Each structure stands twice: as structure tokens, then as C-alpha cells.
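Coordinates in review
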Amino acid sequence: MVVGAIGLIRFPDFYSRVHATGKCDTLGEGMMLIGFILYEGMNLIAVKLLLLVVFIFITSPTAVHAILNVAYTCKVEPWKKGDERR
Amino acid sequence: MKENVVIRTISRFLVPFIQVYALYVIVHGALGAGGGFQGGVVFAASFILMIIAFDLPYVRQRFNYKWIVICSVLGVTIYATIGLLCLIPSGNYLEYGAIEAALGIPHLHGYLIDAVEVGIGITVMAAMTSIIYDISNKGGESS
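Residues numbered from 1 in each chain as written. Chains lettered and ligands numbered in written order. Predicted model: local features only at pLDDT ≥ 70, side-chain atom pairs only at ≥ 80, totals over all residues.

Another point: the confidence of the model for chain B. Across chain B, the average pLDDT comes to 84, with 94% of residues at 70 or higher. At the level of chain-chain contacts, confidence expressed as ipTM amounts to 0.71, with global pTM at 0.79. (pLDDT = per-residue confidence, 0-100.)

Residue and element names in this part refer to chain B. Counting 24 residues, the largest nonpolar core has Ala22, Phe43, Ala44, Phe47, Met50, Ile122 and Met125 as its most contacted members. Among the elements of the structure, α1 (5-28), α2 (36-53), α4 (65-85) and α6 (108-135) are those that each provide at least two residues to this core. Counting residues per element, this core draws most heavily on α6, at nine residues. Once residues within four sequence positions are removed from consideration, alanine 22 is found in contact with Gly39, Val42 and Phe43. (Core = buried A, V, L, I, M, F, W, Y, C linked by C-beta atoms within 7 Å. Buried ≥ 20, exposed ≤ 12 C-beta atoms within 10 Å, placed from the backbone. Helix = DSSP H or I, 4+ residues; strand = E, 2+ residues; numbered from the N terminus. Contact = placed C-beta atoms within 7 Å.)

A few words on the interface of chain B and chain A. Each side of the interface is counted separately: chain B has five residues, and chain A has six residues. A per-class count over the side of chain B that touches chain A returns four nonpolar, one polar and no charged. (Nonpolar A, V, L, I, M, F, W, Y, C, P; charged D, E, K, R; others polar.)

Attention now moves to α1(B). Residues three or four positions apart in an α-helix share a direction because the helix packs 3.6 residues into each turn. All names here are of chain B. Here α1 spans 35 Å end to end across 24 residues, near enough to the 34 Å set by a 1.5 Å rise per residue. Looking at α1, one finds that the buried residues are Ser11, Ala22, Val25 and Ile26. Taken together, the buried residues of α1 touch α2 and α6. (Expected span 1.5 Å × (residues − 1).)

Right, let's get into the packing of α1(B) against α2(B). Two measures define how a pair of helices packs: the angle their axes make with one another and the distance between the axes. All names here are of chain B. With their axes 8 Å apart at the nearest point, α1 and α2 run at an angle of 170° to one another. Between α1 and α2, the crossing angle belongs to the class labelled roughly antiparallel. From α1, Ile7, Arg8, Ser11, Leu14, Val15, Ile18, Gln19, Tyr21, Ala22, Leu23, Val25 and Ile26 reach across to α2, where they touch Gly36, Gln38, Gly39, Val42, Phe43, Ala45, Ser46, Leu49, Met50 and Ala53. Across the contact of α1 with α2, the residue classes break down as 15 nonpolar, six polar and one charged. (Axes fitted to C-alpha atoms, helices over the stretch in contact; angles between N-to-C directions. Parallel < 35°, antiparallel > 145°, perpendicular 65-115°, else oblique.)

Before going further, it helps to examine the environment of Gly82(A). By the secondary structure assignment, Gly82(A) is in the segment after α3 (44-73). Sequence separation between Gly82(A) and Pro12(A) is 70 residues; the distance between their C-alpha atoms is 11 Å.

In this section: the packing of helix α1 (residues 2-10) of chain A against helix α2 (residues 14-40) of chain A. Residue and element names in this part refer to chain A. As a packed pair, α1 and α2 sit with axes 8 Å apart at the nearest point and diverge in direction by 165°. Judged by the angle between their axes, α1 and α2 are roughly antiparallel. For the pair α1 and α2, the crossing hand works out as left-handed. Contacts between α1 and α2 pair Val3, Gly4, Gly7 and Leu8 from the former with Arg17, Ala20, Thr21, Lys23, Cys24 and Gly28 from the latter. (Left-handed = near helix turned anticlockwise from the far one by under 90°.)

With 30 residues, α3(A) extends 43 Å from end C-alpha to end C-alpha; this agrees with the ideal 44 Å at 1.5 Å per step. Directly beyond the C-terminal end of α3(A), a positive phi value near 60° is found at Lys75(A).

Below, the structure is given as C-alpha cells:
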């Protein structure tokens, strides 16, 4: 999650920022929920959290894909080497 | 407007899970958090996801205005019928304990609460879906 926040602030343009935050959403939240499962022990709540991990793992990249697809359709210019930050 | 294949596949995969979760919220409403309104809204959210991922006429063809009218009237009818049934054994409106005491079936008021929640859920689902249809309509034919 820290890496995602750093990437959100430091990366130069829209595409790479979404790239950084999409990674931390998917894997970071999954790891946090798995940590909750280990802390809580195996019971019904653990099963629900595991389902939550699975659905976040499926839906979060899809949401990022949808955002990027719309940005590419609306012709947001990607950053090239030597451009200034946006 | 056709969205691309990833979004369509994932939403086709997710819509049944959202609907099952909505039914879980409706049925769980008698015991804990949740209830008819929340479950109905979650159920309508699955239709909104289908409208976003596919296009509006496709969803309309599956669930058109005739079914919206039928569903909203059906939900209100279930609610009012169970409420009025409680008047027969001289209870108040929606006083489930009167029916349970008159018929002598244990835990009957739990089932009656569930039935009322299902009625609320059907009505809320139909109303939310019709609101979304009217908002996302771009003009043209209205069927």
C-alpha cells in the first residue's frame, strides 16, 4: 500500500499512476484480508473474508482496465521520456 | 455502445453472485443487519452493472416495463396482504405475534418477517431499475 501511495504521487502521468494504484489495490487488500484470516482463525468469518479476497482479485483489475480503456478512447496522451510531469 | 470483452465477461460472471448476495441480505434482515430495502438496492445494482457493461436495450429486452410494473405491484401486495392478515386474529397492522398465537406454530413471526422483507425487496428492486432506465434513457422509443 505504501508503494502504491508513493507511485500515485511520484509517477508522471495518468496511465502510470493508475498502474501503481491498481497493483496496490489488488494485492495489498488481498494480503490485508489474508492477514485478518490468520489473526481471526478459521471460522465462518474467515470463509467470508476469503470470498472477499477472491472477488477483489477479480474485480479490481477489471475496474482499472475499464478506466484505462476509457482514457485511451478519449485520447489521453501517454507520457514520453523528456516530457514534463502532469 | 459495445464495451470490450474483458468488462463484459467479468460482469457476466459477477451478476449472479451479486444477486445471490442480495437474496442473502434480504433473508438475513430478520436476524441482523440488512433488510428488504438494502437487498432490493443490491439486486438493482446488478441490473445497473448489466446496463453499464452491455447496452440499455439489451437489458430492457430482458426486463421490460411490463415486468417492472408486475414486480412492484406484487411486492406491495405481499406486504399489504401479510399486514392485513394480522388484523384477522385481532392484532394490529403487521403484528405478527397475533397470527403466531392464533395458529400456534412456533417461529411463525420470523417467517412472516422474511415474507414481508421479500415483498419490500421486490418493490424496491423494480422501482430502482425503472429509475435507472429513465435516467440512462437517451430519448427515442420508450417500451
